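Geometric and topological summary
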Amino acid sequence: MKNKREGFTLIEVIVGVALFSLLAVTMTTLITALLKSARKAEAITMVKGEGEYALAAMASLIKFAVLPVCGSTGGVESLTVRKTNRDVINYRYYATPSPSYPQHLSSESGTMVTALTSNRVVMTGCGATPIFTCAGDGSWVDICFWLDTVTGLDASERAGGMGTAGMQFGTRVYLRN
């Protein structure tokens, strides 16, 4: 008499479930890493865009200005420049944003206030160096700051996100007056 067997043995079922579990764990890990990379790339793009915009906006006006004056009062670092048409522009970094100045970096001319960074980023100075440093003879202005996301995503481009979070932006603007 022939023994007809239908179905799988217990060993075959256990091996099948183990392989399926291994595949599921691998796919979950891969998808999680992919989503984390996408969020980090988005954070880097956003921070880089805001930092480059702020630097370019300031540099384009500062280089044609006269009489740069750097200062710091009550948690506000500032750079005041006078354009050749005698208009005065104040760049201000608010270390502690207030309801009247929610942005971290602004450009102020007369009654008009323009945010140079949004509330999506956190701005800090470059260590002990002020954000704005003016030359004694008024020939140049150094600008140096760090930006990172407010959501806690590390926007650094370092391998593995090691070191200081965020991205550093800086330039020396020579006045053409």
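Residues numbered from 1 in each chain as written. Predicted model: local features only at pLDDT ≥ 70, side-chain atom pairs only at ≥ 80, totals over all residues. Heavy atoms only, no water.

1. Focus: the sheet that holds strand β2 (residues 76-83)
The 5 strands lie next to each other as β1-β2-β3-β4-β5, forming an open sheet whose pairing is antiparallel. Because the sheet does not close on itself, it has two edges, and the strands there are β1 (65-73) and β5 (112-115). In this sheet, neighbouring strand axes are inclined to one another by 20° on average, regardless of whether the strands run parallel or antiparallel. Both β1 and β2 contribute to a ladder of 7 bridges, which runs antiparallel. Bridge assignment links T73 to a residue of β2, and that residue is V76. Lying on the sheet, helix α1 (residues 10-62) is in contact with β1, β2, β3 (88-94), β4 (105-109) and β5; it crosses β3 at an angle near 150°. (Pairing = 2+ DSSP bridges. Helix = DSSP H or I, 4+ residues; strand = E, 2+ residues; numbered from the N terminus. Axes fitted to C-alpha atoms, helices over the stretch in contact; angles between N-to-C directions. Contact = heavy atoms within 4.5 Å.)

2. Some points on the environment of R82
You can see R82 is positioned in strand β2. Beyond its immediate chain neighbours, meaning those up to four positions away, R82 contacts A65, V66, L67, D87 and V88.

3. Details of the nonpolar core
Most often, soluble globular proteins have nonpolar side chains that are buried together. M58, I62, Y91, L105, F132, I143 and F145 are the most contacted members of the largest nonpolar core, which totals 27 residues. Elements with a contribution of two residues or more to this core: α1, β2, β3, β6 (121-125), β8 (140-149) and β9 (167-174). The dominant element in this core, judged by the number of residues it contributes, is α1, at 7 residues. Excluding its chain neighbours within four sequence positions, the residues that come into contact with M58 are Y91, L105, L116, F132, I143 and F145. (Core = buried A, V, L, I, M, F, W, Y, C linked by side-chain atoms within 4.5 Å. Buried < 20%, exposed > 50% of the residue type's maximum accessible area, 1.4 Å probe, protein only.)

4. Overview of the layout of surface pockets
Of the voids in this model, the largest pocket is the one considered here, and its volume is about 180 Å³. For the largest pocket, the lining is made up of 13 residues, of which L61, I89, S107, M112 and T114 are closest to its centre. Broken down by secondary-structure element, the contributors of at least two residues to the lining of the largest pocket are α1, β3, β4 and β5. Considered class by class, the residues forming the lining of the largest pocket number 7 nonpolar, 3 polar and 3 charged. (1 Å grid on protein atoms, 1.4 Å probe; cavity = no way out; pocket = protein on both sides within 12 Å on 5 of 7 lines; lining within 4 Å. Points joined across faces, edges and corners; volume = space filled by probe spheres on them. Nonpolar A, V, L, I, M, F, W, Y, C, P; charged D, E, K, R; others polar.)

5. Notes on α1
If you check α1, its first and last C-alpha atoms are 78 Å apart, about what 53 residues at 1.5 Å a residue would give, namely 78 Å. Those residues of α1 that fall on the buried side of the exposure criterion are A43, I44, M46, V47, E50, G51, A54, L55, M58 and I62. (Expected span 1.5 Å × (residues − 1).)

6. Description of the confidence of the model for the protein chain
In this model, the protein chain carries a mean pLDDT of 85, and residues with pLDDT of at least 70 account for 86%. Below a pLDDT of 50 lies the segment residues 158-163, which in the model reaches 8 contacts outside its immediate sequence neighbourhood of four places, other chains included. (pLDDT = per-residue confidence, 0-100.)

7. Quick word on the state of the cysteines
Scanning the entire structure with this criterion turns up 2 disulfides. C70 shares a disulfide with C134; S-S distance 1.9 Å. The sign of the S-S torsion, about 80°, decides the handedness of the disulfide formed by C70 and C134: right-handed. Here the residue C70 occupies a position in strand β1, and C134 occupies one in strand β7 (residues 132-134), the gap between them amounting to 64 residues. At a sulfur-sulfur separation of 1.9 Å, the disulfide partner of C126 is C144. (Disulfide = S-S within 2.5 Å.)

8. Focus on unusual backbone geometry
The backbone of L67 sits at a positive phi, close to 55°, despite the residue not being glycine. Here L67 is to be found in strand β1. The phi dihedral of R86 falls on the positive side, at around 75°, and the residue is not glycine. Examined against the element boundaries, R86 turns out to sit in the loop between β2 and β3. On the basis of relative accessibility, which here comes to 65%, the residue R86 falls in the exposed class.

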